[in-house]
Structures are given as structure tokens and as C-alpha cells.
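# Descriptive analysis of the structure
Listed below, chain by chain, are the residues.
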Amino acid sequence: MNRLIQYASLRPTPWKNGGGVTTELAMSPPGAGLDDFDWRVSLASIAEDGPFSQFPGVDRTLVLVAGDGVLLDFGDERVVLSPSEPLVEFAGEDPVHATVHGQATLDFNVLTRRGRYRHRIEPFVVCGSVPLPRRSGTTLVFLADGESLSVGSARERLALVRYDLLVLDGEQAWTLESAQATVFVVDLIAN
């Protein structure tokens, strides 16, 4: 079943470790918690320096949506998440310390439980009408930037505004349409 999740209807909650806030966009299965979900998608704000919450057994992808950037210290490696390098993948059990550069960042998070699901995320720009690339039975469409996005199939048309998420199940073909939008397409693949 396809679901449109409107960001304006959601409320932020504290991070698992209490060090920041996040707005959960979607999680599966229904009723799961932070320790037993199969997959989870959220929009989090990093406003100050500090550690990330750990999620053992989970693979994570973090994509910068807004802000100057953040330095992620993994102990033996440092990665700068910035507008020019906006995506990083890492294991949920990795200890990560964030150092914010300038203003707070807003970050799109995809988490999948290892052994149950894996994910692939593709950011791209929509200008006009383009087919939605799908590589799995469940595809997420997140409007990261732009005023609006229309997502249509032969049977229905849905309208998204900034930070809305669309969960698409099934194999039908979809088209994305916008004057100008940045979209993150996430394919969720069951193992």
C-alpha cells in the first residue's frame, strides 16, 4: 500500500541518546521500536557537537539536507559532510562524534537492520517530468528541496511539499514532476 507521510503532521523526538532531536518519517514493521525495526527513515537536526546514538546491527546512510556541514569523527577516520560531499554510509554500532561547522544541520537518515534489509539511496534533481527509477518492491521518495513534487502513476497522482515522504509498495511505474526539486530515492531490499 502506498503512503504519503506529510512532514508538517509529525513531531520531533529526542535522539536515542538524548543528544539531539529527530523526526521519524517512517519505520517498519508497524509498532516496532528503536531496537527492533527492520528499516527506519528520519530527518534529524545536529545543532551542537556530541556523539551519535548507536544502533548495533544496523547499516546507516546520512545525507545532508541543509546547513554548512558537520565533521564526523569515527576514531580512525574523519569525514566532513558538506554541500559538496553530502552523503556518508557507516555501521550503526560505529562510535561517531559530530562537530558542527557553523549553523545547525538537517540530515536525512536511512537505517536498515543488517540481515533483514539493505538500502540504496540516490539523490537527484528533477526538472520537468522524469520516470522514477525503482530497484525494489519498496521505494521511498523524499522531497529534500523544492516547493512541490507531483508523483504519478497510471492510477493515481500524489502531491508532496518539502520534507514529505512517499512510501511506494508494488511494481507499478511512476513519474516525478517538478519545476525544480531535489529528491532522494531510497530502495529498500529485503534479504
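Our subject in this report is the structure included herewith. Every value quoted in this text rests on a predicted model; they were computed, and no experiment measured them.

Rules used throughout
- In this numbering scheme, every chain counts its residues from 1 along its sequence in written order.
- Totals for whole chains, interfaces and linings use all residues, but because this is a predicted model, local features are given only for residues with pLDDT of at least 70 and pairs of side-chain atoms are given and counted only at 80 or more.
- Excluded from the side-chain calculations are hydrogens and water; all other atoms, namely the structure's heavy atoms, are used.
- A helix here means a DSSP run of H or I that spans at least four residues, while a strand means a run of E at least two residues long, and both kinds are numbered starting from the N terminus.
- When a residue's accessible area, from a 1.4 Å probe over protein chains only, is under 20% of the maximum for its type it is buried; when over 50% it is exposed; and in between it is partly exposed.
- Only four residue types enter the tally: Lys and Arg on the positive side, Asp and Glu on the negative side; His and the chain ends are excluded.
- What makes a salt bridge here is a side-chain nitrogen of Lys or Arg within 4 Å of a carboxyl oxygen of Asp or Glu, nothing more.
- In protein, a polar contact requires one atom able to donate a hydrogen and another able to accept it; more generally it is a pair of N or O atoms within 3.5 Å, and residues adjacent in sequence count only if both atoms are side-chain atoms.
- Residues are treated as being in contact if the distance between any of their heavy atoms lies within 4.5 Å.
- Whether two strands pair comes down to DSSP finding at least two bridges between them.
- For Phe, Tyr and Trp, where Trp contributes only its six-membered ring, two rings pair if their centres lie within 6.5 Å, and the inter-plane angle classes them as stacked under 30 degrees, edge-to-face over 60, or tilted in between.
- Only Lys NZ and Arg CZ are tested; either one counts as a charge over a ring when it is within 6 Å of the ring centre and within 35 degrees of the ring normal.

### Observations regarding the side chain of aspartate 107
Tracing the chain through its elements places aspartate 107 in strand 11 (residues 105-113). The buried charged residue aspartate 107 lacks any salt bridge partner; its closest oppositely charged side chain belongs to arginine 60, at an N-O distance of 8.7 Å. A polar contact is formed between the side chain of aspartate 107 and the side chain of threonine 105, at a distance of 2.8 Å. In this view, aspartate 107 contacts Ser42, Leu43, Ala44, Ile46, Leu62, Val63, Leu64, Val65 and Leu81; residues no more than four positions away in its chain are not counted.

### Quick notes on the sheet that holds strand 8 (residues 78-81)
Pairing is antiparallel in the open sheet, where four strands are placed in the order 5-10-7-8. Unpaired on one side and paired on the other, strand 5 (50-51) and strand 8 mark the two borders of the sheet. The pairing of strand 5 with strand 10 (residues 97-100) spans two bridges and is antiparallel. Bridge pairing in strand 10 links glycine 50 to alanine 98.

### Quick notes on the packing of aromatic side chains
Applying the stated rule across the entire model yields eight aromatic pairs. Here phenylalanine 142 and tyrosine 163 contribute two aromatic rings whose centre-to-centre distance is 6.1 Å and whose plane-to-plane angle is 5°, an arrangement assigned as stacked. Placement of the pair is phenylalanine 142 in strand 13 (residues 138-145) and tyrosine 163 in the loop between strand 15 (157-161) and strand 16 (165-169), with a sequence separation of 21 residues. Tyrosine 163 matches phenylalanine 142 in its accessibility class, with the two residues each being buried. Between arginine 113 and the ring centre of phenylalanine 37, over which it is positioned, the NZ or CZ distance is 4.7 Å.

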